[in-house]
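Descriptive analysis of the structure
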Amino acid sequence: MTWTPDTSYSSGLEFFTDVVVRFPFGDWEKPSPCEGWRAVDVLGHVGAAVQFGTALVTGTKPDWQAIEPPGGAVGMDRIGWWEDLLGPARESLKDLDICRFVDTPLGKREIGKGLSFPAVDLYVHAWDLGTVARMRVEIPHEIIEFAHSLIDQIPVSQVRSSRVFAPEKPFLLTATPSEAFIAWTGRDPLWTCTDAGT
């Protein structure tokens, strides 16, 4: 597979879905590695981003009113709620021209550029959920390379901010490539719910 923005986003949808469908129902209210968010808030955040992306790709004017906490948008059927968003997202990627320009809150942008960050986010947040449920989630090497090719060219002052990544965390010499990447995103690769007080 060639890891372009659209294929990375498409594979990210499936990667995230695999974690969601295996996630224990009783764990959705547990805290996540994202400070101040429960697992269901991570799901709500990703779902809102996917809804927004689908609207942009299909030329529909997004109506994205942020809900705080993000989990407030998610119904009690967590999997069903996610799958209702997944179908239109998959459909929107068929025969997609990633070079086409669309209107965004930041002005005209190529679809490919608009999907790049959400693609990486799907993998990182899949790790967040997996960690809550003590599921082992290994981020593919190709996605790690894709993320670095995308983000390494951006000034550090823009990357290390409240809107993107926290400062890089230390990791063990024995860390897997996935754990080292997670540390690079500003997360503790050894985080557990116990660390959050549960």
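What you see is a predicted model, and the numbers here were worked out from it, not measured in a lab. (Residues numbered from 1 in each chain as written. Predicted model: local features only at pLDDT ≥ 70, side-chain atom pairs only at ≥ 80, totals over all residues. Heavy atoms only, no water.)

1. What about the overall build of the chain?
What the chain contains, in helices and strands, is seven helices and two strands. Along the chain, helices and strands appear, N-terminal first, in the series α-α-α-β-β-α-α-α-α. Here the chain has a C-alpha radius of gyration of 16 Å; the compact-globule value for 198 residues is 16 Å, and the two agree. Over its C-alpha atoms, taken along the principal directions, the chain stretches across nearly 45 × 40 × 30 Å. Here the chain holds 198 residues, and 46% of them are scored as buried. (Helix = DSSP H or I, 4+ residues; strand = E, 2+ residues; numbered from the N terminus. Rg over C-alpha atoms; globule rule 2.2 N^0.38 Å. Buried < 20%, exposed > 50% of the residue type's maximum accessible area, 1.4 Å probe, protein only.)

2. Describing helix H4 (residues 111–132)
The terminal C-alpha atoms of H4, which comprises 22 residues, lie 32 Å apart, in line with the 32 Å expected from a rise of 1.5 Å per residue. In terms of burial, H4 is a largely internal element, 17 of the 22 residues being buried. Of the residues one or two after H4, arginine 134 is the one with positive phi, at around 55 degrees. (Expected span 1.5 Å × (residues − 1).)

3. What to know about the pattern of salt bridges
Going through the model one piece at a time under the given rule, you end up with nine salt bridges. A salt bridge links aspartate 27 to lysine 30, with the nearest nitrogen and oxygen atoms 3.0 Å apart. Classification of lysine 30 by relative accessible area gives partly exposed; the value is 26%. Between lysine 94 and glutamate 91 there is a salt bridge, and its shortest N-O distance comes to 3.1 Å. Put simply, Glu29, Arg38, Asp41 and Arg78 are held in one network by salt bridges that share partners. (Salt bridge = Lys/Arg side-chain N within 4 Å of Asp/Glu carboxyl O.)

4. As for the layout of surface pockets
In this model, the second largest pocket occupies a volume close to 260 Å³. Lining the second largest pocket are 16 residues, and of these Trp127, Thr131, Met135, Pro189 and Trp191 sit closest to its centre. In terms of residue count, H4 provides more of the lining of the second largest pocket than any other element does, three residues in total. Of the residues contributing to the lining of the second largest pocket, the split by class is seven nonpolar, five polar and four charged. (1 Å grid on protein atoms, 1.4 Å probe; cavity = no way out; pocket = protein on both sides within 12 Å on 5 of 7 lines; lining within 4 Å. Points joined across faces, edges and corners; volume = space filled by probe spheres on them. Nonpolar A, V, L, I, M, F, W, Y, C, P; charged D, E, K, R; others polar.)

Treat this as a map of the structure, not an account of what it does.
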